[in-house]
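Take a look at the letters that make up each chain.
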Amino acid sequence: MSGPAFGYCRAADAGDALIQGARPGAAFLAGGTDLMQLWKMGVATPDRVVDISRLPLSAVTADGSRLSIGALARLSDVAAHPLVSRDYPLIAQAILAGASGQIRNMATVGGNLLQRTRCPYFRTEDLACNKRMAGSGCGALAGQNRQSALFGASAACVATHVSDLAVALMALDARVEILGLGGPRRLGLSGFYRLPGDTPERETNLASGELITGVSVDSGDRFATRSTYLKVRDRASFEFAVVSVAAALQLEDGVIVDARLAAGGVAPMPWRLVRGEAALIGRRPDAPAFAAAGALAVEGAKPLAHNGFKIELLRRAVIRALETVTAQTAAAQTIGGDA
Amino acid sequence: MSDDGRIALSLTLNGQPLEVDVAPCDTLLDLLRDQLGLTGTKKGCDMGACGACTVLANGRRIKSCLALAAAYDGEAIITIEGIGTLEHPHPLQAAFIRHDALQCGYCTPGQILSGIALLEDKPRALAAISEGMSGNLCRCGAYPNIVAAIAELAGL
Amino acid sequence: MNPQSTPRWEAALKVTGQAVFPAEVQAEGLLHAVLVGAPIASGQVLSIDAAQARLTPGFADLVSYPEAEPLRASSVTALIREPVIYFPGQPVALVVAESLIAARAAAHAVRVTYEQQPAVSALDQVLDQAYAPAMAGRIPAASRRGDSETALADAYLVVRERYETAVNNHHPMEPHAVVCSWDGALVTVHTNTQAVFGTRAAIAHAFRMPLEDARVIARFLGGGFGCKGQLWWPWMMLAMLASRRTGRPVRLELTRAQLFTLAGRRQETVQDMALGFGVDGRLTAIEHHVLAQTSANAEYSDTTAGVSRWLYACPNVTTSHRLVRTNEPQPIPMRAPGVAPGTFALESALDEAAMRLGLDPVDLRARNYADHDQDAGRPWSSNNLLECYRVGAERFGWSRRPAPGTAIDGCWRIGWGMATTCYPAHRQPCRARVRLEADASLLVQCGTQDMGSGTYTVMGQMAAEALGVPMSRVTVELGDTLLPEGPFSGGSQVTASLSPAVAMATTALRGRLAAMAVADPESPLAGYKPEDLDFENGMIRARTSNVAEPLADLLARREPEGLEAEGSSDGPDREGQAFTGMGFGAVFVEVGVDPDLGETRVRRVCGAFAAGRILNPLLANSQYVGGLIGGIGMALHERTVTDRASGRILGDGFADYLIPTHADIPRFDIAMVEEHDPLLPGGVKGIGMLGTAGVQAAIANAVFHAVGKRVRHLPIRIEDLIGD
């Protein structure tokens, strides 16, 4: 049942937002797609929402080889933006694989990075969940855990992060632009998120009252023709990933010189598959290399009762994603006629 | 915000200016159905997962059950009541009738508004329509006829 | 377009948002209601403290056990009269307030104490307590013909396997709702029920009032599928109590999450199936034993093993149903109840047998065609199943079926599968009124309701065709207990029940009009024989000449107030009946399975169905396709999950309970095999359920054909297909 009534105010500017947001019980409202659900489920109980949706933080710009996306850019606008669809198709693909057209018109980039887990124990009032109620236990650990994490979980929490966009941004080494009362700062996406440990309620290193103002990616456009986002799910659309993989390769003289692999639906944060990446560097993009990357990508996975299949699924998804990237390359070569 | 915590909004609703006040936690769907009696917009899940509550806000389709009404101050909202009438239906409404693109009719207003927005994107294949409409669930299973109705207007 | 394929009568109202569903009825001074649910799975309510709730701004009233206690005791009122908790989420009180937000806040503030008792949260926890109910749906729970044990021992081939199906929930897009108001002793109840008359009877019984003091109205229903029936009545009655106490109209709408617990479910099944065959591929034995869940407070069993009794010719058949009580929500019929899970087991096992016998799956089924109902020992009223196999196979291209595992499209392995479906033809007593106004427009009335299946249309169409009035001049009124009593909407029976009643009324009107015309010296038809007159385009026309008169002219002279007639039909007396009415069909499916990633997508479905006379092919096509899509959901997506520790439903929304989306929909080809049933009234059988069964097994069989993996449980998911 929904949480108690809350108050509403609209932030006049970023400074005002920080002041309003610093009050206890305040929650920022951007697209509202996740916050409203959480409030209706009784999981989020803000005293007041601070509407930041109209702050001028929605631009998509390129500066040299840096792509900057405002935190309040709507997902559908980002995916359709020519800079993104042309030079960062991985981002566009990941966005379009998520949610529905209506949700993508509402949801923002910053909100998407912060969306809460879909673990049903988190989203059902009264069930054991350390993330929702510290010390209440983790119902998923010994309960239903098909969607739980393979990596990075703790005894306190096995929930997964479910954003598609964040997986693509993780693969591209994106950075999060943050504004606080003390001024702006910047965190790499991997440093932005936290693993649950003993404090699963803290999912990011964003301080209370701090605002995401944007994300930026440096030199990601070199993957423009060799990237893909693969989302495996139970139905064809409008579902969170069972497992997803963002893959990007950079080749020189037919040899992989840079490889990016990140996975969704398998960890409390978008998960870089660094060992899988390492297995690819210096090799030709062929089946043995991909098999090695797949095998190494799942090393260290810790299954629970119902999610063990995701280890093999992730291994195969990594291989499939790399094959898709290579097929694109082959197609591009055929069309372009260059090597 | 007024003393009793209600918030005054100015909307353009189905082409007409509207001054209305809402509670801070009212959704756009609550405003339409409960306060304004515009019940053509449906409440199916109230969690953004079924699409029955789809309306257009500044020309873009959104799920009104997740839209905080106060956040839409100044915007132009179009609901099913603003699309067409019994006497003068919108071409997509007429196509829905011809293709029998509805059974119980509860998801239908959302499907139509979603379809109208999708047609603006000029879908070029049936698969693009199906994928683009997947935010609108239908339990009776009118899906193929819905896609056929949209495809007809898309010239496919 | 076929002239009978008239568009849905109420479509314009629905596409413009003008159709008013029960929750949307406007009422002055409306109060909003919210249910307070128990967090525990089993126990007693010790106390309900509303002190804090009463202080909530906008609070109007709270009703609970003491307020409901004066209602007459029955299985319907037990849950609101007796403070016993049988499943988590069971409501213990209802709060009404000036706004929904205020009602939620007040409900939050209600303090309830419980004495908790041990609970059973899963069927497999108490297998030793399984018991045999007397009935499974409408038939006895156990059956035996011949000697299946001996026949299995002697069989050339035995297929013995276990098949399982998950809990499903109905999830009509429109949640249950009521808007009720009292005027003295009279109550008006707008509620989305599949049975306005049944709802009225339940209200009158519970509130100890005469039937005529309660009016139940359901003009439109946003789907039902079996769940808008009696499980909703207790919660509806709490709202009625609050309305009576406050003297104000009250609205209660269930939340989507509550549809998982308060409105019924398709029970999960564990089915042990054994098929015995002779060397010629003929069935010598069937054993079909079903174990299923029912709730702690009520007994329900689907007719799951019924199909094994009647679908095929077999001399030795033993079936049984057993139930296990758990502290989970109550199961009730859902879309093709019994037949959907039952055909999954039977038709999967037949496919396994076909492989082992080296026979084509269609051929195997045709060899075992039942030329009469062997269960009841009587003929079919009609059975064109063999023609369904032939037509379906031809349109699907079955003869070009590739060798297993050889058809590939990119990442997808392509598989073809098929299965048989059937559904009994039910009828109920029904009355209908047809009124011809002085301007020759038609008003057709019946108290039954339209869930979305097309009742408005076919009813108007039947009357319009009989009286030669264009559909544009027809008004249909349904869903009101002030109208002539019609059947409940369930079991695909409404059209079959309505059809003879409407025919009787229109026949009476035609007779009176014809007699009037030939006897009227002012009519150009004076002196003709009544039996030589036809009704078309608003005219009465002599078949033997060009002479005609507009109906309106005749009426203006002779019946300026208009003319009306009522018709009625009886339900079938099942025991006394000399034949069995049953619809049949064959479903052919093409799936793609990605063997690496485990994803399954249905690509193409051809259904060939023989279900009597089809009144409106356009709407019938929609019904069949809709049923098939429901079956695809059951096969690949739908699964309600209970947390074993707490007994709570996990993921109680559309984000987790997956139903097919637009993108999951294959190409459909529906073949309606012509069938003239000489015995059923009007030759009409129900079609709504027929498409919902069979397709599950066809999909499982196609998956096996594609990748060689036999999945014996539903839904079939990624993890079932990527293992070794």
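Given the structure is predicted, the values throughout are model-derived calculations rather than measurements.

For the rest of this paragraph, the subject is the nonpolar core. Within the largest apolar cluster, 177 residues are counted, with the highest numbers of intra-cluster contacts made by Leu 513, Val 589 and Ile 699 of chain C. Core analysis: the next-biggest nonpolar cluster, separate from the first, contains 96 residues, Ala 79 and Tyr 88 of chain A together with Val 22 and Ala 70 of chain B among them.

Much of the literature gives interface size as the accessible area that the parts lose upon coming together. Taken together, the 56 residues of chain C in the interface contact 49 residues of chain B. Buried area between chain C and chain B, both sides added, is near 3,900 Å², and the carbon and sulfur share of it is 60%. Of all residues in chain C, the largest losses of buried area upon contact with chain B belong to Val 15, Met 173 and His 662 of chain C, amounting jointly to 22% of the total for that side. At the junction of chain C and chain B, the tally comes to five salt bridges. One salt bridge in this structure joins Glu 24 of chain C and Lys 42 of chain B, with 2.8 Å as the shortest N-O distance. Inspection of the chain C/chain B interface yields 20 residue pairs in polar contact (both at pLDDT 80 or more). For the side of chain C that touches chain B, the secondary structure elements donating two or more residues are helix H1 (11-15), helix H5 (100-109), strand S14 (250-253) and helix H16 (617-636) of chain C.

It is worth spelling out the packing of helix H2 (residues 91-98) of chain B against helix H5 (residues 143-154) of chain B at this point. Residue and element names in this part refer to chain B. Where H2 contacts H5, the two axes come as close as 9 Å, and the packing angle between them is 135°. Classified by the angle their axes make, H2 and H5 are oblique. As H2 runs across H5, the sense of the crossing is right-handed. Counting all contacts with H2, which are made through Pro 91, Leu 92, Ala 95, Phe 96 and Arg 98, the residues of H5 involved are Ile 146, Ala 149, Ile 150, Glu 152 and Leu 153. Classifying every residue of the contact of H2 with H5 gives eight nonpolar, no polar and two charged.

If you walk through the whole model with that rule in mind, you get 17 aromatic pairs over all chains. Taking 5.6 Å as the distance between ring centres and 15° as the angle between the ring planes, the aromatic pair formed by Phe 151 of chain A and Trp 271 of chain A counts as stacked. With Phe 151 of chain A in the loop between helix H8 (139-142) and helix H9 (165-171) and Trp 271 of chain A in strand S12 (residues 271-272), this pair connects stretches of sequence that are 120 residues apart. Classification of Phe 151 of chain A by relative accessible area gives buried; the value is 5%. Considering the side-chain rings of Phe 192 of chain A and Tyr 193 of chain A, the 5.1 Å spacing of their centres and the 80° angle between planes classify their relative orientation as edge-to-face. Since its relative accessible area comes to 0%, Phe 192 of chain A is described here as buried. Residue classification places Tyr 193 of chain A among the buried residues on the basis of a relative accessible area of 4%. In this arrangement the basic side chain of Arg 244 of chain C is found over the ring face of Trp 182 of chain C, its NZ or CZ atom lying 5.1 Å from the centre. A cation over a ring is seen here: Arg 604 of chain C above Phe 396 of chain C, with NZ or CZ 4.0 Å from the ring centre.

Once their charged atoms are close, side chains differing in charge can pair, the charge on each being opposite to the other. Residues and elements named next belong to chain A. Counted by the stated rule, this structure contains 74 salt bridges over all chains. Between Asp 218 and Arg 175 there is a salt bridge, with the nearest N and O atoms lying 2.7 Å from each other. A residue pair is termed long-range when its members are at least 10 positions apart, and Asp 218 in strand S8 (residues 211-218) and Arg 175 in strand S6 (residues 175-180) qualify at 43 residues. Owing to a relative accessible area of 32%, Asp 218 belongs among the partly exposed residues under this scheme. For Arg 175, a relative accessible area of 24% translates into the label partly exposed.

Let us look at the interface of chain B and chain A. Counting residues at the interface gives 30 residues for chain B, matched by 31 residues for chain A. For the chain B and chain A pair, buried surface summed over both sides reaches about 2,300 Å², with 57% attributable to carbon and sulfur atoms. Of all residues in chain B, Met 47, Arg 60 and Leu 66 of chain B bury the most surface against chain A, accounting for 27% of the area lost on that side. Put simply, chain B and chain A have three salt bridges between them. Residues Asp 77 of chain A and Arg 60 of chain B are paired through a salt bridge, measuring 3.0 Å at the closest nitrogen-oxygen approach. Between the two partners, chain B and chain A, sit 15 residue pairs in polar contact (both at pLDDT 80 or more). Top element by residues in the side of chain B that touches chain A is strand S4 (residues 60-63) of chain B. It accounts for four residues. Split by residue class, the side of chain B that touches chain A holds 15 nonpolar, eight polar and seven charged.

All names here are of chain C. Per the domain assignment, the segments making up chain C are domain 1 (12-118 + 172-255), domain 2 (338-426 + 577-722) and domain 3 (430-569). Look at where the C-alpha atoms of domain 1 and domain 2 centre, and you get two points 38 Å apart. Across the boundary between the two partners, domain 1 contributes four residues, which contact four residues of domain 2. Summed over both partners, the interface of domain 1 with domain 2 buries about 280 Å², with 69% contributed by carbon and sulfur atoms. Counting the surface domain 1 buries against domain 2, the share from its top three residues, Pro 39, Pro 88 and Met 173, is 84%. For the interface between domain 1 and domain 2, the tally reads zero salt bridges. Of the residues contributing to the side of domain 1 that touches domain 2, the split by class is four nonpolar, no polar and no charged.

A few words on the sheet that holds strand S7 (residues 183-188) of chain A. To summarise the sheet geometry, strands pair through backbone hydrogen bonds and adopt either a parallel or an antiparallel arrangement. All names here are of chain A. Spatial strand order, S4-S5-S8-S6-S7: five strands in an open sheet with antiparallel pairing. Either end of the sheet is taken by a strand with one partner, and the two such strands are strand S4 (60-63) and S7. Between one strand and the next, the sheet's axes are offset by a mean angle of 25°, whatever the strand orientation. The pairing of S6 with S7 spans six bridges and is antiparallel. Within the sheet, the bridge partner assigned to Val 176 lies in S7 and is Leu 187.

Cut-off values and rules
- Residues numbered from 1 in each chain as written.
- Chains lettered and ligands numbered in written order.
- Predicted model: local features only at pLDDT ≥ 70, side-chain atom pairs only at ≥ 80, totals over all residues.
- Heavy atoms only, no water.
- Core = buried A, V, L, I, M, F, W, Y, C linked by side-chain atoms within 4.5 Å.
- Buried < 20%, exposed > 50% of the residue type's maximum accessible area, 1.4 Å probe, protein only.
- Contact = heavy atoms within 4.5 Å.
- Buried area = accessible area lost by both parts, 1.4 Å probe.
- Salt bridge = Lys/Arg side-chain N within 4 Å of Asp/Glu carboxyl O.
- Polar contact = N/O pair within 3.5 Å; in protein donor to acceptor, adjacent residues only side chain to side chain.
- Helix = DSSP H or I, 4+ residues; strand = E, 2+ residues; numbered from the N terminus.
- Axes fitted to C-alpha atoms, helices over the stretch in contact; angles between N-to-C directions.
- Parallel < 35°, antiparallel > 145°, perpendicular 65-115°, else oblique.
- Left-handed = near helix turned anticlockwise from the far one by under 90°.
- Nonpolar A, V, L, I, M, F, W, Y, C, P; charged D, E, K, R; others polar.
- Phe/Tyr/Trp six-rings, centres within 6.5 Å; stacked < 30°, edge-to-face > 60°.
- Lys NZ or Arg CZ within 6 Å of the ring centre and 35° of its normal.
- Domains from an automatic or database assignment.
- Pairing = 2+ DSSP bridges.

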